[in-house]
Amino acid sequence: MDIIDKISQGMGHFSPAEQKVAKLILSDLHFAARASIDELAQRAQVSNASITRLAKSLQCDNVRDLKLQLAKSTGVGERFLGTSLVERVNISHVYSSIEEILHLNAGLIEEQVVQQACDAICSARHCLIYGVGGGSSMLAMECQNRLFRLDILSNAHSDPMLMRMTASTINKSDVVISLSISGVSPDVIDATRIAKEYGAVVIAICPEGELCALADFHLPIKTQESDYIFKPSAARYAMMAAVDILSSEVAMKNQRRSKEKLRRLKMQLDRHRNEACGADPVDKRFPLGD
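As the structure is a prediction and not an experimental result, all values here were calculated from the model.

Peer 1: Tell me what's going on with the pairing of strand 3 (residues 174-179), and back it up with residues and numbers.
Peer 2: Of all six residues in strand 3, six are buried; the element is thus mostly enclosed. Neither face of strand 3 is open: one carries Asp-174, Val-176 and Ser-178, the other Val-175, Ile-177 and Leu-179, and all of them are buried. Note: strand 1 (residues 126-130) against strand 3, five bridges, orientation parallel. Following the sheet pairing, Leu-128 is matched in strand 3 by Val-176. As paired elements, strand 3 and strand 4 (residues 201-206) share five bridges and run parallel to each other.

Okay, here's the thing in structure tokens:
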């Protein structure tokens, strides 16, 4: 539990003097993180000892530790603090933020790097795809979804232990595609490093950072977060575009094999829709998978 939540949860359970200090801290976190113990005591109208006792009640080593934790929580969660309600934005803001992130990323990925990465995928024995968290894990599955239909043996993993286990079974004929919207995911970095030690070719879709330094081929993305915290991050669309760029080029390079696989998919899906729903797939260009 972080220090702000500890204070909030403890309200009503502190001594009267500690309660005054706690209220002061929650009302002005920036002041509380910077102020001296004398300044805190003066503004809260309590003794210095009351501030020390509050620090102990919050399981801090001392007042300095309390202030350090406040500074960390304030720095990390500044956009998420405060009691004022945020005004609702128009739904068009969702579309505009997607357009902005795609425009920001357009042209970042070099054609030559894509070609070389796709050559490695097409000649690989097995392709492992790693991504954790809400965005990258979903897109790891999407990457597998794009590649299996192109006759590329691939598996996506988001469980940190399975990522390490599968990375340790890799050899030089395998490819790892590592996805991270932040570029600093410890689990993805660790699994990628293990795979690299065993000779895998590494393709990273991520911003500049520690993960891309491990990659043989880096498909860069940029993120752009706003202060509006209630809309999901648009950064995942940049990663999705990179996955589509990669898979589209794989399809072209592998087209003699992939075209037959796609034909089978189309035939079986159309048959299923026609039998189950009475739809007429002959007259409509249904997507290859819903």
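Peer 1: Pulling in residues and values, what's your account of the sheet that holds strand 2 (residues 154-157)?
Peer 2: One open sheet accounts for five strands, arranged 2-1-3-4-5; its pairing is parallel. Each edge of the open sheet is held by one strand with a lone partner, namely strand 2 and strand 5 (217-220). Geometrically, the sheet is characterised by an average inter-axis angle of 15 degrees between neighbouring strands, direction not taken into account.

Peer 1: Run through the packing of helix 4 (residues 37-44) against helix 5 (residues 48-57), naming residues and quoting values.
Peer 2: Where helix 4 contacts helix 5, the axes come no closer than 8 Å and their chain directions differ by 105 degrees. Accordingly, the angle class assigned to the pair helix 4 and helix 5 is roughly perpendicular. Side by side, helix 4 and helix 5 meet where Ile-37, Asp-38, Leu-40 and Ala-41 of the first sit next to Asn-48, Ile-51 and Thr-52 of the second. Class assignment for the residues of the contact of helix 4 with helix 5 results in four nonpolar, two polar and one charged.

Peer 1: Any chance you could break down a nonpolar patch on the surface for me, citing the residues and the numbers?
Peer 2: Together, Met-161, Leu-162 and Met-165 make up an exposed nonpolar region whose accessible area comes to about 300 Å². Turning to its location among the elements, Met-161 is positioned in helix 10 (residues 160-167). You can call Met-161 exposed: its relative accessible area is 54%.

Here is what the cut-offs are and how they apply
- Residues numbered from 1 in each chain as written.
- Predicted model: local features only at pLDDT ≥ 70, side-chain atom pairs only at ≥ 80, totals over all residues.
- Heavy atoms only, no water.
- Buried < 20%, exposed > 50% of the residue type's maximum accessible area, 1.4 Å probe, protein only.
- Helix = DSSP H or I, 4+ residues; strand = E, 2+ residues; numbered from the N terminus.
- Pairing = 2+ DSSP bridges.
- Axes fitted to C-alpha atoms, helices over the stretch in contact; angles between N-to-C directions.
- Parallel < 35°, antiparallel > 145°, perpendicular 65-115°, else oblique.
- Contact = heavy atoms within 4.5 Å.
- Nonpolar A, V, L, I, M, F, W, Y, C, P; charged D, E, K, R; others polar.
- Patch = residues over 30% accessible without salt bridge, like charges linked within 9 Å, V, L, I, M, F, W, Y side chains within 5 Å.
- Areas by Shrake-Rupley, 256 points an atom, 1.4 Å probe, with all protein chains shown as cover.
- Salt bridge = Lys/Arg side-chain N within 4 Å of Asp/Glu carboxyl O.

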